[in-house]
Structure formats: C-alpha cells, structure tokens
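Residues per chain, in single letters:
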Amino acid sequence: MTKSFVEKHAPALLVIAILLLWELICRGFKVDPFVLPMPSAIWDSLLEFKKPIFDHALQTFWTTMVGFAVAVLVGIILGCLLGSSALVYRACYPLLVGFNSIPKAAFVPILVVWFGIGTTPAIVTAFLISFFPIVVNVATGLATLEPELEDVLRALGASRVEILRKVGLPRSMPFFFASLKVAITLAFVGTVVSEISASNAGIGYLMMSASSSLKTPLMFAGVIVISIMAMAMYEVFAWIEMRMTGWAHRGQQATA
Amino acid sequence: MSNKFIEFDRVWLKYNPTADFAIEEVTVDIREHEFVAIVGPSGCGKSTFMKLCTGLRPPSKGTIIVDGRQVAGPLKITGMAFQAPNLLPWRTTLDNVLLPLEIVEPYKSQYREKREQFEDRAMKLIRTVGLAGWENKFPWELSGGMQQRASICRALVHEPKLLMLDEPFGALDAFTREELWCVLRDLHAENPFTVVLVTHDLREATFLADTVYVMSKRPGRIVARREIDLPRPRDIEVTYSEAFSKIVHELREHIGAIRKS
Ligand SMILES: Nc1ncnc2c1ncn2[C@@H]1O[C@H](COP(=O)(O)OP(=O)(O)OP(=O)(O)O)[C@@H](O)[C@H]1O
Ligand SMILES: [Mg+2]
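## Structural notes on the confidence of the model for chain B
Low pLDDT marks stretches whose predicted atomic positions should not be read closely. For chain B, mean pLDDT is 88; residues scoring 70 or higher make up 98% of the total. Both confidence scores are given for the complex: pTM 0.77, ipTM 0.77.

As structure tokens, this is what we get:
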C-alpha cells in the first residue's frame, strides 16, 4: 500500500524533496538570498505581491492565448494548403523551415518599430513562435493519406474538398492536437521574451523590473507563475487531445 | 446478355513520359454483369488496368468505353476494395459502410432524410457478409478478415454497376478466403453487377469468374482469355473436381510460359 502511494505521487514527492533540499542548502550554507532565495522566501514574495503578480499573469495569459489562437487559425489554413497540394508543399516548405530556424527573439526589435512597445509585439511573437509546429503537423496528417483510400473516394466521384472533409481532416486531428501541446508552451515563451524587452505589463515585464530593483525572490516567483500557467495549459490540451482523438491511441494499442 | 459494358480498344499506358509502357495494346470486352478475373505476375499492370477502368488515370493511347460512354475522369458508378481494408479508424463499422452514401449522388442529397433507410440497407449487407453484431465496433476491434468484409460492404452499399476488387482476399487465411468467395458469389448472384477481380490466386479466379484474363509480365499484355464454363451456382466442392483442376492447370501453364519467355 505504501509502495503504491509512492508510485502514484512520485512526481509531487520529487518536487517536495527538491524544495526541501533547496531550502536546507540555502539555510545550511547561508547562501546569499540575493543570488538564490530560499523557497520559503519566494513563497513569501508570492503572497506579498499577489495582486500585481496576478494582474501581470493575467496579461501574459491573454496575450499568449490571442497569439496562440491566431497561430491555430493560420496553422490550420496553411497546413491545409500545404497538405493538399504537392506543389504548394514543395514551394513553401523550405521557406517555412528557413523561417522557423530564425530565433524569434530577433523579431522583437523589428516588431517594436512597427507596433511600438506593448501587447501587440508580444502577441505577434507568441504567434510567430507557435504556428510552425501546427502547420507541419496538419500538413503531414493530410499528405500521408493512403493512396488506395484516396482512389476509393475518387472512384466514388468525391471532390477534393469532400476528401479533405471526410478523410483528410479527421485523419490529421491526432497530429493537430499533438501539435497544440507543443505550440501552447512555445507561445508562452514568445510572449515572455517579448514582454521582457518590449512591454510594461506581463510576467516578463514584472521580472525585468524585479531584476532592476534587485528583488530576486520576486523574479523567482515570476518564473514559477509562468511555468505553472504553461504546464496547466499543456495539460488542458493533452486532455483535449485524449478526448478528441482517443481512436488514434486505442487503434495503436490494438495494432501494436 | 451480350451487350458490352466495358470496352478497351488497343489501350496503352505509361505512367510518365520517360518510363516504359506499363500496359500495351490491351483489348478487352466485358459484358454487363460479367464476372471477370485478371491474373498475372506481380508488376504486370493489373492495378493499372483497374485505374484505367475507373477513370482514375487516362490512357496514353487507345480508347476505353464504360457503360456506353468514353471514360474521361473518375466514374461514379464504381465500388472499390483493395488488399488493405482502408477503413476509417474514427468511424464505426456501420459508419464506414455508409461513407459512399455520403458522397455519391443521389444518396448524398437525401442523406439526412433517408438516413434510417440507408442504415437498414447497410445493415442488410453487413448481415450478409456475417458481420451482424459488429456494426457499432471500431475497425481496430475487428480482425483482418472482418475488416475486409466491412470493406466489401462499403464497396457495394451504393449499388455500383461496377465492382473493382484488387486482391481483396490476399491477406486472409485460407478458410476466411473461401468463405468470402462464397459471400461474393452470393452477392453477385443475388443482385448482379459487373465485377473485375484482380488476383494472384488461380483457384480464386477459376471459382468466381465467368472469364479469366492472363496478363504477361511487364509490359503487360493480355496473353490469354479463358471462359470458365463450370455451371453455376458453384459450390466450394467444385474446387476439388477434375474439371476445376484442369482449368487451374491450364491457367498455370500460361503463367509458366510467361516466366520462361
Ligand atoms: N503511380 C505510378 N507511377 C509510376 N509507375 C507506376 C505507378 N504505378 C505502377 N507503376 C508501374 O507500372 C507497372 C504496373 O504496376 P501495377 O501496380 O499495375 O502492377 P500489378 O500488376 O498491380 O502488380 P501487383 O500484383 O504487385 O500488385 C509496374 O511496373 C509499376 O512499376
Ligand atoms: Mg497491384
């Protein structure tokens, strides 16, 4: 019984153990709280600044969600275009890969010139960083349609749009939902990167100003809040993925 | 009975300009409701023949007439089944079988109102092939043979005038295969349609078909045409008769001759 308890809660126990160790090391070796604050000090500053932290977190959250929503929309449209035409695929793919290899932080100064400091560059950065995995996954899902299945449908007189609707899209759903998990975490990265250098709101900005006023525990509190948000959203999309595309996982189990 | 349903007149096809011809000078006449089997070595162009028949590929030379009209673009009167069942994993067996009715006119536009009627029709087919009780299961819950049964139902649900089968029983065990031969035989006898069956199995061809065509190895040509005059209805027992073995042997010899040349 005790064993199953340990097994079941292993991740939580590990986190607690790490926090304890951290606390002990900081106390034991008298680490300068300015360099590495103790977990308890971080917790205190979380409570102390809960109102501003909450406001900034909300700002970051909505910025990310808007950027992510645009990424999903653009990702689906581009993915459908790429996945349903070999020509478009060949033409666009190298360009997309090239674009994706640019560090998105490099866009922030340009975006500031275009949109000024604030929410817009953060939204755009979140979008830029997160749409690529969605495009690639939707396109792959569509492009790997079995030729025989396509023949069956074409021999029935199905149009391209019908094939896309009846088979292509449902078939690419598992790919799509898997990519959402990746994209949402990337979107948070995009938002925070932009907020750090080009905003006066959001967790990124909060950390920047905490840094300049030497409030190290507050910075750590910011890191924790952002990681909790990203993790929670990841779980939400993992859950949606399971709900929407259970057939894909069960199918794999059955054939494996 | 003698009216032609499919006419190939000296049909040639190459897949791309630089390649050799995949099939050469193919001339075939298939009657309405005839059951035709095509046998031949791997890569000889059997699947290519099917693609030409259904209009999925235009011929490079020659003309193809199906149902009185020259073929240009995919026909809408065909049902197809392949070696792989190709069912949609997110649909139940019943919904998989219903798929053609969501695509082919006139069923498509009536689909909403007549859904129940269509389901009855699909269920009737599902019962005929021995899948009753499995209609609400998903493909991964079905064995390979059961999936293939469902795939045949899907090919027939819209009552096509032409059924194209590309090695549909190739991946099945001997018992299931013979059982499905009988299913196909009965479906064809009950509600006749024209069938083109591609197969590697000479016994299968002899048992099911009215006419067997033998194709040569690449580039594919029709090298022999054999009418199977065994009386219908044929029972599985017939496959052990002398007349049956003789026909199989004869077909075998044509294939053997191709090998040597
Ligand atoms: N899409 C294609 N593009 C180019 N060549 C092709 C294509 N499909 C088939 N071929 C060529 O045409 C020839 C005939 O192929 P086909 O698929 O018709 O053979 P088959 O008789 O069905 O063989 P099998 O019994 O192995 O299925 C082969 O040599 C093959 O290489
Ligand atoms: Mg083939």
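## Examining the domain arrangement of chain B
All names here are of chain B. The domain architecture assigned to chain B consists of domain 1 (1-77 + 162-261) and domain 2 (87-160). On a C-alpha basis, the centres of domain 1 and domain 2 stand 25 Å from each other. Between domain 1 and domain 2, the contact holds 15 residues from the first and 14 residues from the second. Between domain 1 and domain 2, roughly 1200 Å² of surface is buried when both sides are summed, and carbon and sulfur atoms account for 71% of that area. Taken as a group, Leu 163, Leu 180 and Leu 187 account for 32% of the area that domain 1 buries against domain 2, more than any other trio of residues on that side. At the boundary of domain 1 and domain 2, one finds two salt bridges. Across the pair Glu 179 and Arg 149 runs a salt bridge, and its minimum N-O distance is 3.1 Å. At the surface where domain 1 touches domain 2, the tally comes to two residue pairs in polar contact (both at pLDDT 80 or more). By residue number, the principal contributor to the side of domain 1 that touches domain 2 is helix α5 (residues 174-190), which donates six residues.

## Describing the site of ligand 1
All names here are of chain B. If you check the shell around ligand 1, you find Tyr 15, Ala 22, Ser 42, Gly 43, Cys 44, Gly 45, Lys 46, Ser 47, Thr 48, Glu 167, His 200 and Arg 218 and nothing else. Within the backbone of Gly 43, one N or O atom sits 2.8 Å away from an oxygen atom of ligand 1. Between an oxygen atom of ligand 1 and a side-chain N or O atom of Ser 47, the distance comes to 2.6 Å. Summarising the interface, the protein chains cover 65% of the accessible area of ligand 1, which totals 630 Å² for the free molecule.

## Quick notes on the domain arrangement of chain A
Residue and element names in this part refer to chain A. Here chain A is described as being made up of domain 1 (1-31) and domain 2 (38-255). Taking only C-alpha atoms, the centre of domain 1 and the centre of domain 2 are 32 Å apart. Counting residues at the interface gives five residues for domain 1, matched by five residues for domain 2. Between domain 1 and domain 2 we count zero salt bridges in total. Counting every contact that joins domain 1 to domain 2 gives one residue pair in polar contact (both at pLDDT 80 or more). Here the side of domain 1 that touches domain 2 is built from residues that sort into three nonpolar, no polar and two charged.

## Quick word on the sheet that holds strand β4 (residues 61-66) of chain B
For sheets, the rule is that strands pair by backbone hydrogen bonds, running either parallel or antiparallel. Residue and element names in this part refer to chain B. The four strands are arranged β2-β1-β4-β5 in an open sheet whose pairing can be described as antiparallel. This sheet does not close on itself; its edge strands, each paired only once, are β2 (23-31) and β5 (69-70). Bridge count for strand β1 (residues 4-13) against β4 is five bridges, and the pairing is antiparallel. Each residue of the ladder has a partner; that of Glu 7, found in β4, is Ile 65. Strands β1, β2 and β4 of the sheet are contacted by helix α1 (residues 46-53), whose axis makes an angle of about 120° with β1.

## Some points on the side chain of Thr 48 of chain B
Residues and elements named next belong to chain B. Summarising the element assignment, Thr 48 is placed in helix α1. Taking the relative accessible area as the measure of exposure, Thr 48 reaches 8% and is therefore buried. Setting aside chain neighbours within four positions, we find Thr 48 in contact with Leu 13, Tyr 15, Ala 22 and Ile 23.

## Quick look at the interface of chain A and chain B
On the side of chain B, 22 residues touch chain A, which itself brings 20 residues to the contact. A buried area of about 2100 Å², summed over both sides, lies between chain A and chain B, and 71% of it is on carbon and sulfur atoms. In this structure, the connection of chain A to chain B is made through two salt bridges. Put simply, Glu 162 of chain A and Lys 108 of chain B hold a salt bridge, and the shortest N to O gap is 2.9 Å. Those elements giving two or more residues to the side of chain A that touches chain B turn out to be α8 (147-155), α9 (160-198) and α12 (246-255) of chain A. Of all the elements, α8 of chain A adds the most residues to the side of chain A that touches chain B, at seven residues. A class-by-class count of the residues in the side of chain A that touches chain B yields 10 nonpolar, two polar and eight charged.

## So, the pairing of strand β10 (residues 222-227) of chain B
Residues and elements named next belong to chain B. Here strand β9 (residues 211-215) pairs with β10 via five bridges, running antiparallel. Across the sheet, the residue bridging to Val 214 is Ala 224, located in β10. What sits between β9 and β10 in their antiparallel hairpin is a turn of six residues.

## Brief notes about the side chain of Gln 148 of chain B
All names here are of chain B. Position of Gln 148 among the secondary structure elements: in helix α4 (residues 144-156). On the basis of relative accessibility, which here comes to 2%, the residue Gln 148 falls in the buried class. Among the polar contacts made by the side chain of Gln 148, one reaches the main-chain carbonyl oxygen of Pro 168 at a distance of 3.0 Å. In this structure Gln 148 touches Phe 82, Gln 83, Ala 84, Pro 85, Pro 168 and Leu 172, once residues within four positions along its chain are discounted.

## A few points about the nonpolar core
Ranked by size, the top nonpolar core spans 71 residues in total, and within it Leu 153 of chain A together with Leu 163, Phe 169, Phe 207, Leu 208 and Val 212 of chain B carry the most contacts. Top element by residues in this core is helix α3 (residues 107-128) of chain B. It accounts for seven residues. Once residues lying within four places of it in the same chain are set aside, the contact partners of Phe 207 of chain B are Trp 181, Cys 182, Arg 185, Arg 234, Asp 235, Ile 236, Val 238, Thr 239 and Phe 244 of chain B. Counting 44 residues, the second largest nonpolar core, distinct from the first, contains Ala 71, Leu 82, Ile 134 and Phe 176 of chain A.

Conventions and cut-offs
- Residues numbered from 1 in each chain as written.
- Chains lettered and ligands numbered in written order.
- Predicted model: local features only at pLDDT ≥ 70, side-chain atom pairs only at ≥ 80, totals over all residues.
- Heavy atoms only, no water.
- pLDDT = per-residue confidence, 0-100.
- Domains from an automatic or database assignment.
- Contact = heavy atoms within 4.5 Å.
- Buried area = accessible area lost by both parts, 1.4 Å probe.
- Salt bridge = Lys/Arg side-chain N within 4 Å of Asp/Glu carboxyl O.
- Polar contact = N/O pair within 3.5 Å; in protein donor to acceptor, adjacent residues only side chain to side chain.
- Helix = DSSP H or I, 4+ residues; strand = E, 2+ residues; numbered from the N terminus.
- Near = heavy atom within 4 Å.
- Areas by Shrake-Rupley, 256 points an atom, 1.4 Å probe, with all protein chains shown as cover.
- Nonpolar A, V, L, I, M, F, W, Y, C, P; charged D, E, K, R; others polar.
- Pairing = 2+ DSSP bridges.
- Axes fitted to C-alpha atoms, helices over the stretch in contact; angles between N-to-C directions.
- Buried < 20%, exposed > 50% of the residue type's maximum accessible area, 1.4 Å probe, protein only.
- Core = buried A, V, L, I, M, F, W, Y, C linked by side-chain atoms within 4.5 Å.

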